[in-house]
Amino acid sequence: MVDFLPLPPREAIRALEARGKTLSPTFAWQDVYADDHAAMFTVAKSAGHDILQDIWNALLTALEQGETFDTFSRHLKPLLVRKGWWGEAIEVDPLTGEEVRVRLGSLRRLRTIFDVNMRVSYATGHWGHFERLKGARPFLRYVAVQDGLTRPEHQKLHNLVLPVDDPFWDVFAPPNGWNCRCTLQSLSERDIARLQAAGEVLRFEAPLVTKRAWTNKRTGEVRQVPDGVDPGWDYNPGKAGHRETVRRLEAENGVEFRGA
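Summarised in this report is the structure supplied together with it. (Residues numbered from 1 in each chain as written. Predicted model: local features only at pLDDT ≥ 70, side-chain atom pairs only at ≥ 80, totals over all residues. Heavy atoms only, no water.)

**So, the overall build of the chain**
So, step 1. Check the secondary structure of the chain and you find eight helices and seven strands.
So, step 2. On C-alpha atoms alone, the chain measures out to a radius of gyration of 19 Å, which is about the 18 Å that the 2.2 N^0.38 rule sets for 260 residues.
So, step 3. In terms of its C-alpha atoms, the chain occupies a principal-axis envelope of roughly 60 × 40 × 35 Å.
So, step 4. Put simply, the chain has 260 residues, and 50% of those count as buried.
So, step 5. Of the contacts formed within the chain by residues at least 6 apart in sequence, a portion of 64% connects residues at least 24 apart.
So, step 6. Here the chain has roughly 13400 Å² of accessible surface; of this, 51% comes from carbon and sulfur atoms. (Helix = DSSP H or I, 4+ residues; strand = E, 2+ residues; numbered from the N terminus. Rg over C-alpha atoms; globule rule 2.2 N^0.38 Å. Buried < 20%, exposed > 50% of the residue type's maximum accessible area, 1.4 Å probe, protein only. Contact = heavy atoms within 4.5 Å. Areas by Shrake-Rupley, 256 points an atom, 1.4 Å probe, with all protein chains shown as cover.)

**What about the packing of helix 4 (residues 107-133) against helix 8 (residues 237-253)?**
Helix packing geometry: the angle between the two helix axes and the distance between the axes.
So, step 1. Following both chains from N to C, one finds helix 4 and helix 8 inclined at 75 degrees, their axes separated by 7 Å at the closest point. One element, helix 4, and the other, helix 8, form an angle in the roughly perpendicular class. On helix 8, the residues that touch Val120, Ala123, Thr124, Trp127, Gly128 and Glu131 of helix 4 are Pro237, Gly238, Lys239, Gly241, His242 and Thr245.
So, step 2. Looking at side-chain class alone, the contact of helix 4 with helix 8 contains four nonpolar, six polar and two charged residues. (Axes fitted to C-alpha atoms, helices over the stretch in contact; angles between N-to-C directions. Parallel < 35°, antiparallel > 145°, perpendicular 65-115°, else oblique. Nonpolar A, V, L, I, M, F, W, Y, C, P; charged D, E, K, R; others polar.)

**Side note on the side chain of lysine 45**
So, step 1. Examined against the element boundaries, lysine 45 turns out to sit in the loop between helix 1 (9-19) and helix 2 (52-65).
So, step 2. The side chain of lysine 45 is buried and forms no salt bridge, while aspartate 31, the nearest opposite charge, is found at 7.3 Å. (Lys, Arg positive; Asp, Glu negative; His and termini not counted. Salt bridge = Lys/Arg side-chain N within 4 Å of Asp/Glu carboxyl O.)

**Things to note about unusual backbone geometry**
So, step 1. Here proline 174 and proline 175 are connected by a cis peptide whose omega angle stands at 0 degrees.
So, step 2. Positioned with a positive phi, lysine 45 is a non-glycine residue whose angle comes to about 70 degrees.
So, step 3. The buried category is assigned to lysine 45, whose relative accessible area is 17%.
So, step 4. You will see that asparagine 179, though not glycine, has its phi angle at about 65 degrees, which is positive.
So, step 5. Residue class for asparagine 179 comes out exposed when judged on its relative accessible area of 53%.

Function cannot be read off these values alone, since they describe shape.
Right, dumping it as structure tokens:
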């Protein structure tokens, strides 16, 4: 059994705080793509509604106090309902000027917002941890949840071990899809030996990456997205968030921040 250091919650909190410095209302999730999310906090269909600060505040409280989704949604839903951001509505798409039927708030949407922001915040904090300790723990292990519900493409990556700086992690670091529950764990040479002694079959060579074309209907941009990765997740959320957090800390303090 390998003992992994727990992530201090303050690092995930700091990551969410950094994104909350810039609240950016959007109409569709494709309006802000991939690593652009690291520098802002946004929610699709929030344009024209005064709800971004409310959602961010609720997420920060949930992160600080260790709230479950049920507690988070129970506190937030009444406020969103009062502000009219709930159910379906007819709104004007600012890109086309057309009136379209949209889904505003719902428990399903709140669950997605909660899950994405919690996982990305923790991934950001973890990446700072990986960077600081890569001298002693220079490897990362991809860990997929073993409950039969993990998508096959992610299950195939389970027990892949590569150096922290391997370019594979630039697009395959979890979360690498909607509702992705995969994680990364840092390892030392001794950790690897212990895992192998315990019967874990580790792989040390990145798999061949195949891609498919995906068109962003909001911008017209065509991207080559790796198979097994959802559009919009073809980047490293933890690394991007960590770099943005450090950038903001350095800007605010006027010095190079080595403690991130």
